[in-house]
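Close look at the chain arrangement
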Amino acid sequence: MAFTYRNGRLTAGSKEKNFDVLDIARKHERPVYIYDLGDILSRTRRLRSAFGSLPVTIHYAMKANANTEILRAMANDGLAVDTVSGGEIQTALENGFTPDKVIFSGVGKTKSEIELAVQADIKQINVESPQELERIAEIAKKLGRKPSVAFRMNPDVNPQTHPYITTGFRENKFGMDVSFLPELKKILRANSDHLRLRGVTLHIGSQLLELGSLKDAISKTVAVYKELQADGFQIDRFDIGGGLGIDYSTDDPAEELKRVDEYGQMVQELLAPLKCDVLTEPGRILVARSGILVGEVQYIKSTEFKNFAILNTGMHHLLRPALYQAKHRVLAVENPTSVQQVKYDVVGPICESSDFLAKDAELPRLKAGDYLAMADAGAYGFSMASFYNRHALPVEVVLNS
């Protein structure tokens, strides 16, 4: 477990090498994101082992957390990376990932971003539309290159997750259904000197807690893979995307780690017969549990309706509660059970009523100067933070346990 209590204080790391969260927080005037690197690397190895002998390349979804120390450690550990912008491609290349370990996803790739990807000769560009494929061909021709591409298919499955993070349903902007195939094949054949189709890819959404929808999506996309092979395209890659989620209501990772093993077994059963290279793009499952956001209580405001704990951090540093109605556990950094529990709305300094981190959180009676930690904030935390109201960004601290 990345974060646990010892002697009434929240700590990170292992018994052999642990770090006091309160000591870290007090060293900084700003809120602090704290990441346990050892926990992240342990999870990457657990995922890798789940696939058995199937040739799977783990492309970490950088959008979840682009901290450069974490990226360098992942690169050193043999992971590859999934990027969704030119900035992420550049960051990946600057932090240990070689071009052959970079794939480029994203629904709105600009000409300059595609030029960067083609010039760098990255592993693969995941294509979202026929117009994008034509743009890649035009740029490749101009640069005298032949980039590898994969078609992002929309399998029209509706996973049980928040509607803002579904990406493989017919109402979503992502990917292409089978009706696009004739046009895509025509473009490929007209640009055979400038494009190389390597395979297919899919991604049906984030924070997936059941595997049935993903199994359906992979099965539907296997049929597309076989159709392209039958049409003479020499494809050899199948990208299953990412999306595995965690249960934010508990600190027990047992169920999600069991799901990782089931995921690996499912992928082996579905894709081993294709005898192709398999790519996966995990994000949250690798880093969410391994990070917390720590803020200091500035004021306690009590009315006949509510108790408010007003922090120096809020929606501008952790957007998920306001954007997705996500619920993060709130942890008292010290003395978590020493006094009677009180319900608080944990809020920030932003001039928005949506600026909250938790509602009706049961906590020890708080006072100004106490510290609270938002649990499981290692994914889509700092990466979605902003300077809104001109507040400074949090500090990031990476612990190597």
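Refer to the structure printed above.
Calculation notes
- Residues numbered from 1 in each chain as written.
- Predicted model: local features only at pLDDT ≥ 70, side-chain atom pairs only at ≥ 80, totals over all residues.
- Heavy atoms only, no water.
- Pairing = 2+ DSSP bridges.
- Helix = DSSP H or I, 4+ residues; strand = E, 2+ residues; numbered from the N terminus.
- Axes fitted to C-alpha atoms, helices over the stretch in contact; angles between N-to-C directions.
- Contact = heavy atoms within 4.5 Å.
- Buried < 20%, exposed > 50% of the residue type's maximum accessible area, 1.4 Å probe, protein only.

1. Some remarks on the sheet that holds strand β9 (residues 148–152)
The eight strands lie next to each other as β5-β6-β7-β8-β9-β10-β11-β12, forming a closed barrel whose pairing is parallel. Here the strands of the sheet are splayed against their neighbours by 30° on average, with no regard to which way each runs. Bridging between strand β8 (residues 124–127) and β9 involves three bridges; their strand directions are parallel. Residue pairing across strands places Asn-126 opposite Ala-150, the latter belonging to β9. Contacts from helix α4 (residues 86–94) reach β6 (80–83) and β7 (102–104) within the one sheet, and its direction differs from that of β6 by about 160°.

2. Thoughts on the pairing of strand β4 (residues 32–36)
Within β4, five of the five residues are buried, which leaves the element mostly enclosed by the surrounding structure. Across the two faces of β4 the burial is the same, with Val-32, Ile-34 and Asp-36 and Tyr-33 and Tyr-35 all buried. Alignment of β4 against strand β13 (residues 291–302), held across four bridges, turns out to be antiparallel. In the sheet register, Tyr-33 faces β13, and the bridge partner there is Leu-293. Of the pairings in the sheet, the one linking β4 to strand β19 (residues 395–399) comprises five bridges and is parallel in character. Residue pairing for β19: Asp-36 is matched across the bridge by Leu-399.

3. Examining the environment of Val-157
Relative to the elements of secondary structure, Val-157 occurs in the loop between β9 and α7 (181–190). Assessed through its relative accessible area of 7%, Val-157 is described here as buried. With 76 residues separating them in the primary sequence, Val-157 and Val-81 have C-alpha atoms 25 Å apart.

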